[in-house]
Amino acid sequence: MFGYRVPAPDEAMLISGGRHGLRDAPFRVVTGHGAYVMPIFRRVRYLTLAMQEAEVSETCVTKQGISLNVRAVIAFKVGNDPESVVNAGQRFLSDQDQMSVLTGRIFAGHLRSIIGSMTVEEIVTERQKLATEVLDGSKEEMANLGLTVDSLQIQSIDDMGAGYIAAMAAPNNAAIQRQAKIAQAQADQAAAEAQQASARKQAEFARQTQVVQAQYKAEVDKAQAEAAQAGPLAQAEAQRAVIAAQAALAQQQAGLRQQQLLSEVIKPAEAEAEKVKILAQAEAERTRIAAEAAASNNRVALDQMLIAQLPQIVKEAAAGLAGANVSVLNGADGLGEIAAGLVSQGLTILESVRRGVGVPPADGSGGSGTGAIGNGKAPTA
């Protein structure tokens with residue numbers, strides 16, 4: 001709309017030409033909204049409300065007479081209230097850059113005044129105290145100018161090569177360096193101890209590893225040795241079993257051979273020997289009978305016949321004995337018993353024959369007239 005003006009958010013619109021200003025101010029202040037400005041009769045000007053900066057670099061003398069170069073930065077702006085805007089507008093509206101210049105000069109003066117009442121140690125160690133005192137000292141003047149200070153920062157303090165600040169810092173630097181060296185030494189010691197502990201752990205681990213490897217190797221060697229011996233041991237066991245079986249077979253064969261020798265050689269030889277013995281006994285008996293027959297003339301013929309038949313009878317009995325499978329239990333005594341039985345049977349046969357023909361026996365005893373010959377059977381031993 002024609003004649004309607006609106007200021008920027010960071011500006012104050014100053015309308016002059018009327019009689020509506022604050023406390024008889026030459027202009028009306030409008031902020032945050034627009035206003036109708038009558039053309040020709042009213043004039044509009046704008047005052048910045050934005051934040052501004054002023055730098056101060058001032059040489060100051062301390063309470064001790066030591067010159068210091070102090071650099072500071074001030075952040076300020078025009079106050080938001082209409083009174084501050086009016087004060088600032090009356091002073092800086094035609095040249096708003098003068099706000100930074102004037103602010104810097106004001107703070108430079110207050111810095112010189114405050115620093116002159118402080119020692120270097122206080123200035124260096126209590127910068128915030130210095131800034132607070134400078135702000136407090138300049139607050140009234142800045143308010144008269146319509147300005148407010150948001151912050152004051154002391155950027156640097158320099159003794160301009162005098163070495164005072166460096167000397168002041170030397171003990172602290174030495175202490176700090178000493179602490180740093182102590183800390184470094186402790187760190188080195190801790191690192192060395194950690195390395196030694198790590199080396200010990202590694203050595204212990206290596207030792208345990210070697211022990212375990214040695215145990216594994218011993219077990220493997222033992223298993224390999226046992227496996228290597230298993231074949232020969234099994235072979236030796238098999239050979240031992242074969243030898244035992246061969247020995248048992250040889251023993252059985254020896255027993256069998258002994259039985260064969262007993263049945264094929266010893267027993268026939270013993271039987272032959274017994275045969276010879278029986279024949280000898282029969283021959284002796286024949287001789288005795290022949291002698292008895294010679295003494296008895298009435299029996300000469302019969303006795304000669306019987307005597308002639310007796311060797312044949314004994315021979316037949318002996319031949320039957322030689323062909324028989326006779327088990328002799330008591331050796332030569334058994335054979336003697338068999339031979340004696342054969343001779344007795346021969347004599348019995350002889351006596352039976354005598355009785356059969358009516359001849360009295362040699363000892364003069366009578367007979368029953370019956371004998372073994374009569375039934376045609378040989379007597380049983």
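Residues numbered from 1 in each chain as written. Predicted model: local features only at pLDDT ≥ 70, side-chain atom pairs only at ≥ 80, totals over all residues. Heavy atoms only, no water.

## Notes on the overall build of the protein
No. 1: A count of helical and extended segments in the protein gives seven helices and eight strands.
No. 2: Counting the 381 residues in the protein, one finds 26% classified as buried.
No. 3: Sequence separation of at least 24 residues holds for 69% of the intrachain contacts in the protein that already meet a minimum separation of 6. (Helix = DSSP H or I, 4+ residues; strand = E, 2+ residues; numbered from the N terminus. Buried < 20%, exposed > 50% of the residue type's maximum accessible area, 1.4 Å probe, protein only. Contact = heavy atoms within 4.5 Å.)

## Re the sheet that holds strand β7 (residues 67–78)
No. 1: Strand order in this open sheet of three strands is β6-β7-β8, and the pairing throughout is antiparallel. Looking at the sheet topology across the chains shown, the edges are occupied by β6 (52–61) and β8 (147–158). Between one strand axis and the next, the sheet turns by 20° as a mean value, whatever way the strands run.
No. 2: In this sheet, β7 lies alongside β6 in antiparallel orientation, the contact comprising ten bridges. (Pairing = 2+ DSSP bridges. Axes fitted to C-alpha atoms, helices over the stretch in contact; angles between N-to-C directions.)

## Details of a nonpolar patch on the surface
No. 1: Judged by side-chain polarity, Tyr4, Val6, Tyr36, Met38, Ile40 and Phe41 come together as a nonpolar surface patch covering roughly 710 Å² of accessible area.
No. 2: Relative to the helices and strands, Tyr36 resides in strand β4 (residues 35–36).
No. 3: On the basis of relative accessibility, which here comes to 47%, the residue Tyr36 falls in the partly exposed class. (Patch = residues over 30% accessible without salt bridge, like charges linked within 9 Å, V, L, I, M, F, W, Y side chains within 5 Å. Areas by Shrake-Rupley, 256 points an atom, 1.4 Å probe, with all protein chains shown as cover. Salt bridge = Lys/Arg side-chain N within 4 Å of Asp/Glu carboxyl O.)

## Quick word on the confidence of the model for the protein
No. 1: Overall, the prediction assigns the protein a mean pLDDT of 79, with 75% of residues at 70 or greater.
No. 2: No element of the protein has a lower mean pLDDT than helix α7 (residues 332–356), which averages 63, and none a higher one than β7, which averages 92.
No. 3: With pLDDT under 50 throughout, residues 364–381 is counted as low confidence; its partners more than four residues away or in other chains account for 16 contacts. (pLDDT = per-residue confidence, 0-100.)

## Section: helix α2 (residues 98–115)
Residues spaced three or four apart along an α-helix point in a common direction, a consequence of the helix completing one turn every 3.6 residues.
No. 1: Between its first and last C-alpha, α2 extends 26 Å over 18 residues, near the 26 Å set by a 1.5 Å rise per residue.
No. 2: Within α2, the full set of buried residues consists of Met99, Thr103, Gly104, Ile106, Phe107, Ala108, His110, Leu111, Ile114 and Ile115. (Expected span 1.5 Å × (residues − 1).)

## Let's talk about the sheet that holds strand β3 (residues 27–30)
No. 1: Taken in spatial order, the three strands of this open sheet run β3-β2-β5, and their pairing is antiparallel. Single-partner strands in this sheet number two, and they are β3 and β5 (43–48). The average angle at which neighbouring strand axes cross in this sheet is 30°, direction not considered.
No. 2: For strand β2 (residues 11–16) and β3, the ladder comprises four bridges, and the chain directions are antiparallel. Looking at β3, one finds that Ile15 is bridged to Arg28.
No. 3: Of the strands in this sheet, β2, β3 and β5 touch helix α1 (residues 82–92), which is tilted by about 125° from β3.

## What about the pattern of salt bridges?
No. 1: Scanning all chains against the criterion turns up seven salt bridges.
No. 2: Residue Glu285 pairs with Arg288 through a salt bridge whose shortest N-O separation is 1.9 Å. Of the two residues, Glu285 and Arg288 both sit in helix α5 (residues 164–295), three residues apart, roughly one turn of that helix.

## Regarding unusual backbone geometry
No. 1: Despite not being glycine, Met160 shows a phi value in the positive range, around 55°.
No. 2: As for its position among the elements, Met160 is in the loop between β8 and α5.
No. 3: Of the residues examined, Met160 reaches a relative accessible area of 41% and is grouped as partly exposed.

## Describing the environment of Gln155
No. 1: Here Gln155 shows up in strand β8.
No. 2: If we skip the residues at most four places from it in the chain, Gln155 touches Arg71, Ala72, Val73 and Arg127.

## Some remarks on the packing of α2 against helix α4 (residues 127–144)
No. 1: Between α2 and α4, the shortest axis-to-axis distance is 9 Å and the interhelical angle comes to 130°. Viewed along their axes, α2 and α4 adopt a mutual orientation that is oblique. Crossing of α2 against α4: the hand is right-handed. On α4, the residues touching Thr103, Ile106, Phe107, His110, Leu111, Ile114 and Ile115 of α2 are Leu130, Glu133, Val134, Leu135, Gly137, Ser138, Glu141 and Met142.
No. 2: When grouped by side-chain class, the residues that make up the contact of α2 with α4 number nine nonpolar, four polar and two charged. (Parallel < 35°, antiparallel > 145°, perpendicular 65-115°, else oblique. Left-handed = near helix turned anticlockwise from the far one by under 90°. Nonpolar A, V, L, I, M, F, W, Y, C, P; charged D, E, K, R; others polar.)

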